[in-house]
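A look at the structure
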Amino acid sequence: MPPPVVAPRPTCARSFDGSHERCPDDGTDLVVLTEVADPLIGRTIADRFTIKRLLGSGGMGSVYRAVQHSVGRDVAIKVIRGDFEPGSTVVRRFVREARLTSQIVHPNTVTIFDFGQTADRLLFLVMELLPGDSLRAHLKTSGRLPVARALGIAAQIAAGLS
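Figured I'd write up the structure that's included with this text. The residue count restarts for each chain, going from 1 along the sequence in the order it is written. Totals for whole chains, interfaces and linings use every residue, but because this is a predicted model, local features are given only for residues with pLDDT of at least 70 and side-chain atom pairs only at 80 or more, for both listing and counting. The side-chain values count all of the structure's non-hydrogen atoms but skip hydrogen atoms and water molecules.

**Some thoughts on the overall build of the protein chain**
Heads up, the condition is: Helix and strand definitions here come from DSSP, where helices need a minimum of 4 consecutive H or I residues and strands a minimum of 2 consecutive E residues; each element is numbered from the N-terminal end. In what follows, residue pairs with any heavy atoms lying within 4.5 Å of each other are defined as contacts.
In terms of helices and strands, the protein chain carries three helices and nine strands. Secondary structure of the protein chain in N-to-C order comes out as β-β-β-β-β-β-β-α-β-β-α-α. Taking the intrachain contacts of the protein chain between residues at least 6 apart in sequence as the baseline, contacts between residues at least 24 apart amount to 36%.

Written out as structure tokens, the structure is:
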């Protein structure tokens, strides 16, 4: 069963089943609540992006679905935990990834919109939100990819990197 959803403003204080992203009554953005409250859900980053829900997590950080207020579009925000030292390898690698990735413009790569660090040292990278499942989710539900499909994906990756 999906987690309950509530609106971040009192104009829409009802709960929904998780199938809505906006309140059907007044159109306000809804926030997905999980059993363990994520302190980033509902937080506004750089005065422009409000985090709506968690998309996935890894060892160094997480990726969230957020809304960019200025243009009203949904984006993905990758955040790195704020407990790394300012000059650490993790921080240097993140900044390098953000700078290099933001220079790539190709149909087979994600577009980077912004990156930076909050006052409380949370590193963030804002990118386009792409529809569909991750490769990991696809492999989990469908098993191995057929060779032709795997080669097609590899060719698209190579074209983006070239």
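**Observations concerning the layout of surface pockets**
For clarity, the cut-off: We place a 1 Å grid over just the protein atoms. Points where a 1.4 Å probe fits but has no way out form a cavity, open points with protein on both sides within 12 Å along at least 5 of 7 lines form a pocket, and any residue with an atom within 4 Å of a point lines it. Grid points are joined across faces, edges and corners, and a volume is the space filled by probe spheres set on the points. We call Asp, Glu, Lys and Arg charged. Ala, Val, Leu, Ile, Met, Phe, Trp, Tyr, Cys and Pro are nonpolar, and the rest, Gly among them, are polar.
Considering only enclosed or pocket space, the largest pocket measures out at about 1500 Å³ in volume. Surrounding the largest pocket, 39 residues form its lining, V110, L130, D133, S134 and L135 being those nearest its centre. Elements represented by at least two residues in the lining of the largest pocket include exactly strand 5 (49-57), strand 6 (61-68), strand 7 (73-80), strand 9 (123-128), helix 2 (135-142) and helix 3 (147-161). Here the lining of the largest pocket takes six residues from helix 3, the largest share from any one element. A breakdown of the residues in the lining of the largest pocket according to their chemical character gives 19 nonpolar, 13 polar and seven charged.

**Some points on the pairing of strand 8 (residues 112-117)**
The test is simple: Two strands pair under a simple rule: DSSP has to find at least two bridges between them.
Sheet analysis places strand 8 next to strand 9, joined by five bridges and oriented antiparallel. Counted as the bridge partner of G116 is F124 from strand 9. What sits between the antiparallel neighbours strand 8 and strand 9 is a turn of five residues, in which R121 has the positive phi angle 70 degrees.

**Things to note about unusual backbone geometry**
Negative phi values dominate among residues other than glycine, just as trans dominates among peptide bonds. Phi at D47 takes a positive value of approximately 55 degrees, unusual for a residue other than glycine. Structurally, the position occupied by D47 is in the loop between strand 4 (44-45) and strand 5.

**Things to note about the pairing of strand 5**
The pairing of strand 4 with strand 5 spans two bridges and is antiparallel. Bridge pairing in strand 5 links I45 to F49. Bridging between strand 5 and strand 6 involves seven bridges; their strand directions are antiparallel. Among the inter-strand pairings, L54 is bridged to a residue of strand 6, identified as Y64. Between strand 5 and strand 6, which follow one another and run antiparallel, lie three residues.

**Re the sheet that holds strand 7**
Our working rule: All axes are obtained by fitting lines to C-alpha atoms, using only the stretch in contact for helices, and the reported angles, taken between N-to-C directions, cover 0 to 180 degrees.
Taken in spatial order, the six strands make up an open sheet running 4-5-6-7-9-8, and their pairing is antiparallel. Bordering the open sheet on either side are strand 4 and strand 8, each of which pairs with just one other strand. Here helix 1 (residues 89-102) sits on the sheet in contact with strand 7, strand 8 and strand 9, set at roughly 25 degrees to strand 9.

**Regarding the nonpolar core**
What counts here: The term nonpolar core refers to a set of buried residues drawn from Ala, Val, Leu, Ile, Met, Phe, Trp, Tyr and Cys, joined through side-chain atoms within 4.5 Å. Residue burial is assigned from relative accessible area. The probe radius is 1.4 Å, only protein chains are included, and a residue is buried under 20% of its type maximum, exposed over 50%, and partly exposed in between.
Counting 13 residues, the largest nonpolar core has I51, I77 and V79 as its most contacted members. Elements represented by at least two residues in this core include exactly strand 5, strand 6, strand 7 and strand 9. In terms of residues, this core owes the most to one element, strand 7, which gives three residues. Not counting residues up to four positions away in its chain, the partners in contact with I51 are L40, I41, G42, R43, I45, Y64, R65, A66 and I77.

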